[in-house]
2 protein chains.
Amino acid sequence: MTTVAIDAMGGDYGAKPIVDGLVMAMKQDKNFKAILIGNKTDLDFYIPKKFKDQIDLLHCDDVISMTDQATDALKRKESSAYLAIDLVKTGKADAYVSAGHSGASMSLATLRIGRIKGVSRPAIATIMPTVTGTSLVLDVGANVDCDANNLKEFAIMGQVYASEVLSIDQPLIGLLSNGEEPSKGNETTKEAFKLCEKIPNFIGNVEGNDIFNGSCDVVVCDGFVGNILLKTAEGVADTITTIIKQNLRRSLVSITGAVLMRKVFKKLKLKVDYAEYGGAPLLGVKAPVIIAHGKSNSKAIKNAIFQAIKASGSDLNNTIENRLNTYKD
Amino acid sequence: MTTVAIDAMGGDYGAKPIVDGLVMAMKQDKNFKAILIGNKTDLDFYIPKKFKDQIDLLHCDDVISMTDQATDALKRKESSAYLAIDLVKTGKADAYVSAGHSGASMSLATLRIGRIKGVSRPAIATIMPTVTGTSLVLDVGANVDCDANNLKEFAIMGQVYASEVLSIDQPLIGLLSNGEEPSKGNETTKEAFKLCEKIPNFIGNVEGNDIFNGSCDVVVCDGFVGNILLKTAEGVADTITTIIKQNLRRSLVSITGAVLMRKVFKKLKLKVDYAEYGGAPLLGVKAPVIIAHGKSNSKAIKNAIFQAIKASGSDLNNTIENRLNTYKD
C-alpha cells in the first residue's frame, strides 16, 4: 500500500484545501495511506472524525514561504517540506505532494532523495489540455539554461511518464522550436534535434500551437521557455475570460445568453482548469514528487495525490534509467 | 505624400485580398499613393475602375513562395518582393508592405534598404491585444540566437515604435523572463537586464501573462521565444474556440445562448483578431517595412498599409538612431 507524504503547510490558502483534498481522495480510494506534515492542532481541526484514524500527522512549525530562497530549504530542517521529503528519503513514505515553494521542493527532492542514475538534471513537467486530451510539457521552470543533452534527457523522461503514468500508448515526442523544419531552432535545439532522432516516436520540431492541438504527447523545451509559455497560455485564457465578462455586464441579453451557455462554459472550465490534472511531477528523482500549484483547491490536491499514487505503483524510475542508458551517446 | 510599395503576390490567397485591402484604405484616406507589384493582368482585373488612376502597377511574374529559402530572395531579382523593396531603396516609394515570405522580406529589407546606424540586427515586432489596449512584442522570429546587446537594442527600437507610431505616451518596457525578480532569467536575459536598466521606463522582468494584462507596452525577447509565445497564444485562443464550438453543436439551448451572446463574441473577435492590427513592422531598417500575415484578409492589409503610412510620416528612424547612440555602452 502506497504512503504519500503531504506537505500541508506550503499552499497559498493554508492547510484547509490540502486536508479537504486528501479527504476527497480517501473517499474515492481507500487503498493508500497518508502522512500530513504541518501544525497538528490546525490539521486535527480540519480532518473529519471518520478519517482521523487513516491519516498520520507529523507536527512542525516552520514553513518555507514563497518569498524564501530555494537554496535556504536545505538548512530549514524543521520545515514541513524538509520533513516530508525526509519521510520519503528514509522509506517511511513512497511519494511526496506539496503546494508550497516549488523551488524548495525541487532542491530538497534532488539533493535529499537523489537523482535517478543517468539523469543530469530533474525537470518539472506539466500537463496541458488539448482539443483531444492532454499533452505533457517539460521543463517548465527547473532549468533555465539547458544544453542539448539536457533536452534529450527531458524527452526520454517525459515519454516514460506519459506512457507509465498518463497511460498514453506509444507517446509521440516533439521538440519545441520556431518552425517544424529540422533546420529551424536555436543552436541548442538544433543540436538536441540530432540527439533526439535516436529516440523512438520522436516526431521532430513542433511549434507553440502543437501543445494544444493533439499533434504530440510530449513537448520538450528548456525551463525558461517552458515557464514563459505556461504563463502566456494562462494569460491568453484569462484575457479571453475577462473580455467575455466585461462585455456580459453591459447587456441583459448577453447575460441570458451566458446562462443558456453555462454547460459550455463548464465544459470549457473543465478543459482549461489545472485542478483537473492535479500537479506537476518532478521527473528524474528517485521517488514520485508532485508539485501542486500554490493556489491549488481541494480538487487539485486530490488529483495530485492520485498522480503520486499512480507514479508510485508504476515502473517509472527503472524505465527512465534503462531508456537513458539505451539512448546515451 | 507617402507612396507605399505593395507586394501583391506573396499572400496565401493571391492578389485579391491585397488589392481589396488597398482599395479599402484608399476609400478611407485619399492622401497616399500606392504601387502594386505583381501580375498586371490579374491586378488590373481586381482594381475597381474608379481607383485605376490612383494605383500604379509594376508587372512581374516571379514570386518567392513560402517553401523557398529566404537566402534565395537576393538572387530572385525579378520577384515581386525584390522589385517592391527596390522601389523603396531607389526612393520611388517610402514604405513596403507584403503578406509574402517574411524571411525574404526581412533579408531583402536588411540587405537592400539597409540598417539604421547603430542597429546590430533588425527585429520583427508584433502587436498583441491586452485587456486595456495593445502591447508590442519583439523579436518574434527574425533572430533565434540573441545576445544581451541585441535585446537591449530591441527594447529601444520597440519603445520608439510604441511612442512614434502606436502613439503610446511614455511606453513601459518589460524584459520577458521566468519571474519578475531581477535574479530571474537565463544567462542572456540577466545580462540584458543590466543593460536595459539605463533606458527610461524600463520596468524590469515581466512574465508571459504580462503580455496581455496591460502591465507594460513593450515586451522584449529573442526571436526563438517570441515565435513560440506567438504560436502558443494562437494555440490557446484556437483551442478555446474549438471547445466552445464542439459543445455548442450538442445543444439547442446553448446555440440560443450563443446567438444572444453574439455581440460579446464579436467584441472578442475584434480584440483577438490580428487583422485589427495589420501587420508586424520590421524595426531597425531605414524605411518602414510591414510584414503582414500570409493569411491576411483585406482588412489586415488595409491596416498594414496605414501602419506603413504612419511610420513613414513619423520620426521613427532618426529617433531610433539617436536613442541607440544615447544608451550605448
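A few points on the structure.

## Some thoughts on the sheet that holds strand S11 (residues 289–292) of chain B
Residues and elements named next belong to chain B.
Working step 1: An order of S3-S2-S1-S4-S11-S10-S5-S6-S9-S7-S8 is seen for the 11 strands of this open sheet, with the pairing classed as mixed. Single-partner strands in this sheet number two, and they are strand S3 (55–59) and strand S8 (202–206). Pairs of neighbouring strands in the sheet enclose a mean axial angle of 25°, with direction left out of account.
Working step 2: Sheet analysis places strand S6 (residues 134–138) next to strand S9 (residues 218–220), joined by three bridges and oriented parallel. Paired with Val137 across the strands is Val219, a residue of S9.
Working step 3: This element, helix H3 (residues 80–89), spans strand S1 (2–7), strand S2 (32–38), S3 and strand S4 (95–98) of the sheet and lies at about 165° to S1.

## Side note on the packing of helix H5 (residues 148–164) of chain B against helix H11 (residues 316–326) of chain B
Residues and elements named next belong to chain B.
Working step 1: Contact geometry for H5 and H11: axes closest at 9 Å, N-to-C directions at 145°. Crossing geometry of H5 relative to H11 is assigned as right-handed. Seen from H5, the contacting residues are Glu153, Ile156, Met157, Val160, Tyr161 and Glu164; seen from H11, they are Leu316, Thr319, Ile320, Arg323 and Leu324.
Working step 2: Here the residues of the contact of H5 with H11 are counted per class, giving seven nonpolar, one polar and three charged.

## Regarding helix H8 (residues 252–260) of chain A
Working step 1: Every buried residue of H8(A) is accounted for by Ser254(A), Gly257(A), Ala258(A) and Leu260(A). Seen along its axis, H8(A) keeps its buried residues to an arc of 160°; they face one direction.

## Brief notes about the interface of chain A and chain B
Working step 1: Listed by partner, the interface residues are 50 residues for chain A and 50 residues for chain B.
Working step 2: For the side of chain A that touches chain B, the secondary-structure elements that each account for two or more residues are helix H7 (223–248), H8 and helix H9 (262–272) of chain A.
Working step 3: Counting residues per element, the side of chain A that touches chain B draws most heavily on H7(A), at 22 residues.
Working step 4: Split by residue class, the side of chain A that touches chain B holds 23 nonpolar, 18 polar and nine charged.

## Focus on the relation of the copies chain A and chain B
Working step 1: Overlaying chain A on chain B yields an RMSD of 0.1 Å, the required transformation being a rotation through 180° with an accompanying axial translation of 0.0 Å. Accordingly, the operation relating the two chain copies is best matched by a two-fold axis. Taking C-alpha positions as the reference, the residue of chain A nearest the rotation axis is Gly257(A), at 1.9 Å.
Working step 2: Interface overlap between copies is the fraction of interface residues in one copy that are interface residues in the other; for chain A against chain B it reaches 100%, indicating a shared surface.

Rules used throughout
- Residues numbered from 1 in each chain as written.
- Chains lettered and ligands numbered in written order.
- Predicted model: local features only at pLDDT ≥ 70, side-chain atom pairs only at ≥ 80, totals over all residues.
- Pairing = 2+ DSSP bridges.
- Helix = DSSP H or I, 4+ residues; strand = E, 2+ residues; numbered from the N terminus.
- Axes fitted to C-alpha atoms, helices over the stretch in contact; angles between N-to-C directions.
- Contact = placed C-beta atoms within 7 Å.
- Left-handed = near helix turned anticlockwise from the far one by under 90°.
- Nonpolar A, V, L, I, M, F, W, Y, C, P; charged D, E, K, R; others polar.
- Buried ≥ 20, exposed ≤ 12 C-beta atoms within 10 Å, placed from the backbone.
- Arc of directions from axis to C-beta.
- Least-squares fit on C-alpha atoms with pLDDT ≥ 70 in both.

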